[in-house]
Amino acid sequence: MKLGFLYAGQGSQHPGMGQDLYEAYPAFRAVLDRADVGFDLKALCFQGPEQQLSQTRYTQPCMVAFAAGMTAILAEKGITPAYAAGLSLGEYSALHAAGVFNAATAVKLVAFRGKAMEEAAGRD
């Protein structure tokens with residue numbers, strides 16, 4: 001049997017996301033600890049505020065870091081996808097799961113993407 005992973009886009013972010021996984025799984029912790037995005041990704045994911053977490057420039061790297069962390073937990077348990085797909089932003093998490101990017105590169109790339117999207121929309 002082949003397994004596929006499907007990754008979410010923006011919209012499911014919320015303060016507190018991933019804190020329990022960060023505390024329980026070293027593989028998840030390693031992904032978030034390596035995130036180099038120009039802001040405190042862990043503090044924003046774990047504590048908010050929700051208004052800031054909902055801004056595209058912050059949402060995107062937080063969501064991809066969360067997804068990459070989950071993928072790392074599953075990989076550590078021998079669960080890997082034969083197929084990966086994503087909705088909108090989730091495509092970057094799927095590319096990471098497929099081995100196109102390592103987690104740090106995927107998170108940094110979408111941090112740039114999110115910031116550029118906000119600037120293009122005139123919200124900077």
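Computed from a prediction, not measured in an experiment: that's the story for all the values here.

Procedures and definitions
Residues numbered from 1 in each chain as written. Predicted model: local features only at pLDDT ≥ 70, side-chain atom pairs only at ≥ 80, totals over all residues. Heavy atoms only, no water. Helix = DSSP H or I, 4+ residues; strand = E, 2+ residues; numbered from the N terminus. Buried < 20%, exposed > 50% of the residue type's maximum accessible area, 1.4 Å probe, protein only. Arc of directions from axis to C-beta. Contact = heavy atoms within 4.5 Å. Axes fitted to C-alpha atoms, helices over the stretch in contact; angles between N-to-C directions. Parallel < 35°, antiparallel > 145°, perpendicular 65-115°, else oblique. Left-handed = near helix turned anticlockwise from the far one by under 90°. Nonpolar A, V, L, I, M, F, W, Y, C, P; charged D, E, K, R; others polar.

Position of S93 among the secondary structure elements: in helix α6 (residues 90-97). Residue S93 is classed as buried on the basis of its relative accessible area, which comes to 3%.

In this section: α6. Where α6 is concerned, the buried positions are G90, S93, A94, H96 and A97. An end-on view of α6 places all buried positions within 155° of arc, on one side of the element. Against the buried residues of α6 lie β1 (4-7), α5 (56-76), β2 (83-86) and α7 (103-120). Where α6 terminates, the next one or two residues include G99, which has phi positive at roughly 90°.

Cis geometry marks the peptide bond from G48 to P49, where omega comes out at 10°. With respect to the helices and strands, P49 occurs in the loop between α3 (41-47) and α4 (50-53). One non-glycine residue, S88, lies in the positive phi region at around 55°. With respect to the helices and strands, S88 occurs in the loop between β2 and α6. With a relative accessible area of 44%, S88 lands in the partly exposed category.

Moving on, we come to the packing of α5 against α7. Where α5 meets α7, the closest approach of the two axes is 7 Å, and the angle between their N-to-C directions is 160°. With respect to their mutual orientation, α5 and α7 come out roughly antiparallel. Note on packing geometry: the crossing formed by α5 with α7 is right-handed. Contact residues: α5 offers T56, R57, Q60, P61, V64, A65 and A68, while α7 offers A103, A106, V107, V110, A111, R113, G114, K115, M117, E118 and E119. Looking at the contact of α5 with α7, its residues break down into 10 nonpolar, three polar and five charged.

In this section: the environment of Y25. Looking at where Y25 falls in the secondary structure, it is placed in the loop between α1 (19-24) and α2 (26-33). Owing to a relative accessible area of 28%, Y25 belongs among the partly exposed residues under this scheme. Between the C-alpha atoms of Y25 and A8, which are 17 residues apart in sequence, the distance is 21 Å. If near-sequence neighbours (up to four positions away) are discounted, Y25 is found in contact with I73 and K77.

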